[in-house]
Amino acid sequence: MANLIDGKKISAEVKARAAADAAALKEQGIPVGLAVVIVGDDPASRVYVNSKKKACALCGIDSYEYALPADTSEAELLALVEQLNGDSRVSGILVQLPLPKQIDEHRIINAIDPKKDVDAFHPVNVGKIMIGDFDFLPCTPSGCMELIDSTGIDIAGKNCVVIGRSNIVGKPMAMLLLHRSGTVTICHSKTKDLAEITRRADILVAAVGKPRFVTADMVKEGAVVIDVGVNRLPDGKLCGDVDFDAVKEKASWITPVPGGVGPMTIATLMCNTVTAARLQAEKA
Ligand code: GUN
């Protein structure tokens, strides 16, 4: 029976650190603020944006919400990003994804000042992560790393398998594990003999977006299992990418959904906003 990795508890510690750092910066007259931009009325995005604003309030970080209608044009959104780049109250800019189809996500991300890019999605920040010299770590993978570290297990030399190759989670997650000397395999929808690969994982990260995709037969006895999935079931309940009840009997450590990776993503965002505020102060 696995030990539970308590993302709620660990995220509270991370947020307390961010709050102390934000207070210290504000004491020196350095503004610490996060602009959160949401376009349209995707219900999941609204829930995420509300959680981010709530966390800002808890950490003493000023938050500025920009809720734009679903028919906002790319030019209008680019103009807002430009305005926020030049706003000294705004340390960090987060444009909630996905965006409506008339807007090219890449164009918007490219327009954000890399020093305000608290998601670490801008190509400059992605490149910096690749070479291991970064200002920001992407929120979800960084949160996953904290959860893995909380187990006390040394990543160096471990077989690490990441299921999913998104720019937001899978690819940066693999890179962070590699920086810590894990032997990393990235699996995706075209991977052959997936279970044969996942069964070799000492550390298994599931970022697939399919409810209970990872079943017990895909997991090695004693593995650390990190579940990034947030899937809404027909009955309205949340469930992860891992079949928690079965896999917990085999894993040594496992994250629950909810209460695992989700709260860590937001806690890392708070840390990144503080880092952004520091970078603004250095630039000024
Ligand atoms: N949509 C889903 N996850 C994220 C995230 O981490 N950042 C942003 N901006 N949008 C998202």
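Residues numbered from 1 in each chain as written. Predicted model: local features only at pLDDT ≥ 70, side-chain atom pairs only at ≥ 80, totals over all residues. Heavy atoms only, no water.

Some details on the sheet that holds strand β8 (residues 224-227)
For clarity, the threshold we go by: Criterion used throughout: strands pair if DSSP finds at least two bridges between them. A run of H or I in DSSP counts as a helix once it spans at least four residues, and a run of E counts as a strand once it spans at least two, with each numbered from the N terminus. Contacts between residues were defined by any pair of non-hydrogen atoms, one from each residue, lying within 4.5 Å. Note on definitions: angles span 0 to 180 degrees between N-to-C directions of axes, and those axes are lines fitted to C-alpha atoms, for helices only across the stretch in contact.
Across the sheet, six strands lie side by side as β1-β11-β8-β7-β5-β6; this open sheet has parallel pairing. At either margin of the open sheet sits one strand with a lone partner, and together these are β1 (3-4) and β6 (183-187). One ladder, built from two bridges, connects β1 with strand β11 (residues 253-254); its direction is parallel. The residue bridging L4 from the neighbouring strand is I254, located in β11. Contacting β5 (159-163), β6 and β7 (203-206), helix α7 (residues 170-179) crosses the sheet at an angle of about 170° to β5.

A word on the nonpolar core
This is how it is decided: The term nonpolar core refers to a set of buried residues drawn from Ala, Val, Leu, Ile, Met, Phe, Trp, Tyr and Cys, joined through side-chain atoms within 4.5 Å. The classification of residues rests on relative accessible area computed with a 1.4 Å probe and restricted to protein chains. Under 20% of the type maximum is buried, over 50% is exposed, and intermediate values are partly exposed.
Membership of the largest hydrophobic core comes to 50 residues, with the highest contact counts inside it found for L34, I61, L177, I226 and M270. Take this core: its biggest share by element is 10 residues, from helix α10 (residues 261-283). Residues in contact with M270, not counting those within four places in the same chain, are K15, A18, L34, K52, A55, C56, C59 and I61. Listed in part, the 20 residues of the second largest apolar core include V39, Y66, L77 and I109.

Section: helix α2 (residues 43-59)
This is how it is decided: Expected helix span is given by 1.5 Å per residue-to-residue step, counting one fewer step than there are residues. Throughout, the arc means that of the directions going from the helix axis to the C-beta atoms.
Helix length check: α2, at 17 residues, gives a terminal C-alpha distance of 25 Å against a target of 24 Å (1.5 Å per residue), a fit within 8%. Residues of α2 that are buried: S45, V49, K52, A55, C56 and C59. Along the long axis of α2, the arc covered by the buried residues comes to 120°, so they all point the same way. Facing away from the buried side of α2 by over 90 degrees, the exposed positions are P43, K54, A57 and L58.

Here we look at the pairing of strand β4 (residues 92-95)
The side-chain alternation of β4 yields two buried faces, one formed by G92 and L94 and the other by I93 and V95. Alignment of strand β2 (residues 33-39) against β4, held across four bridges, turns out to be parallel. Bridging from a neighbouring strand, A35 pairs with I93 of β4.

Looking at the packing of aromatic side chains
Let me state the cut-off plainly: Only Phe, Tyr and Trp rings are paired, with Trp represented by its six-membered ring, and only when their centres lie within 6.5 Å; those with planes under 30 degrees apart are stacked, over 60 edge-to-face, the remainder tilted. Criterion for a charge above a ring: Lys NZ or Arg CZ within 6 Å of the ring centre, and within 35 degrees of the ring normal.
With the rule as written, the count across this model stands at zero aromatic pairs. The ring centre of Y64 lies 4.4 Å from the NZ or CZ of R89, which sits over that ring.

A few points about the site of the ligand
Keep this limit in mind: Residues are classed as near a molecule or strand on a simple rule: at least one heavy atom within 4 Å of it. Whenever a nitrogen or oxygen atom comes within 3.5 Å of another N or O atom, the pair is scored as a polar contact, on the condition that within protein one atom can donate a hydrogen and the other can accept it, and that pairs from neighbouring residues in sequence are kept only if both atoms are in side chains. A 1.4 Å probe and the Shrake-Rupley method give the accessible areas. Residues count as covered only by the protein chains that appear here. Charged means Asp, Glu, Lys or Arg here, nonpolar means Ala, Val, Leu, Ile, Met, Phe, Trp, Tyr, Cys or Pro, and polar covers whatever is left, Gly included.
Around the ligand, the neighbouring residues are L94, V95, Q96, L97, D119 and F121. Here a nitrogen atom of the ligand sits 2.8 Å away from a polar atom, N or O, in the main chain of V95. The separation between a nitrogen atom of the ligand and a polar main-chain atom of L97 is 2.9 Å. About the coverage of the ligand: the protein hides 82% of its 280 Å² of free accessible area. In terms of residue class, the shell around the ligand is made up of four nonpolar, one polar and one charged.

A look at the packing of helix α1 (residues 7-27) against helix α6 (residues 139-150)
As a reminder, the rule being used: Roughly parallel covers angles under 35 degrees, roughly antiparallel covers those over 145, roughly perpendicular covers 65 to 115, and oblique covers all other angles. Here is the rule for handedness: rotate from the far helix to the near one, and if that takes an anticlockwise turn smaller than a right angle the crossing is left-handed, while a clockwise turn gives right-handed.
Where α1 meets α6, the closest approach of the two axes is 11 Å, and the angle between their N-to-C directions is 115°. In terms of orientation, α1 and α6 fall into the roughly perpendicular class. Relative to α6, α1 is oriented so that their crossing is right-handed. Contacts between α1 and α6 involve G7, I10, V14 and R17 from the first element and E146, L147 and S150 from the second. Per-class residue counts for the contact of α1 with α6 are three nonpolar, two polar and two charged.

A word on α1
For α1, which comprises 21 residues, the first-to-last C-alpha distance of 30 Å matches the rise-based estimate of 30 Å (1.5 Å per residue) to within 8%. Among the residues making up α1, those that are buried are G7, I10, S11, V14, K15, A18, A22 and L25. Buried residues of α1, viewed axially, fall in a sector of 135°; they line one side. Away from its buried face, by an angle of more than 90 degrees, α1 presents the exposed residues K9 and E27. Those residues of α1 that are buried lie in contact with α2, α6 and α10. Two or three places before K8, at the start of α1, stands the capping residue D6, its side-chain oxygen 3.1 Å from that residue's backbone nitrogen.

So, the pattern of salt bridges
Operational definition: The salt bridge definition used is simple: a Lys or Arg side-chain nitrogen within 4 Å of an Asp or Glu carboxyl oxygen.
Inspection of the entire model under this criterion finds 13 salt bridges. When the shortest N-O distance is used, the salt bridge between E65 and K53 registers 2.4 Å. Of this pair, E65 sits in strand β3 (residues 62-68) while K53 sits in helix α2, and the two are 12 residues apart along the sequence. Taking relative accessible area as the criterion, E65 reaches 28% and is therefore assigned partly exposed. A salt bridge links R180 to D149; the shortest N-O distance between them is 2.7 Å. Here R180, found in the loop between α7 and β6, pairs with D149, found in helix α6; they are 31 residues apart in sequence, far enough to count as distant. The class of D149 is partly exposed, set by a relative accessible area of 34%. What you see here is one network of salt bridges that share partners, running through R46, K53 and E65.

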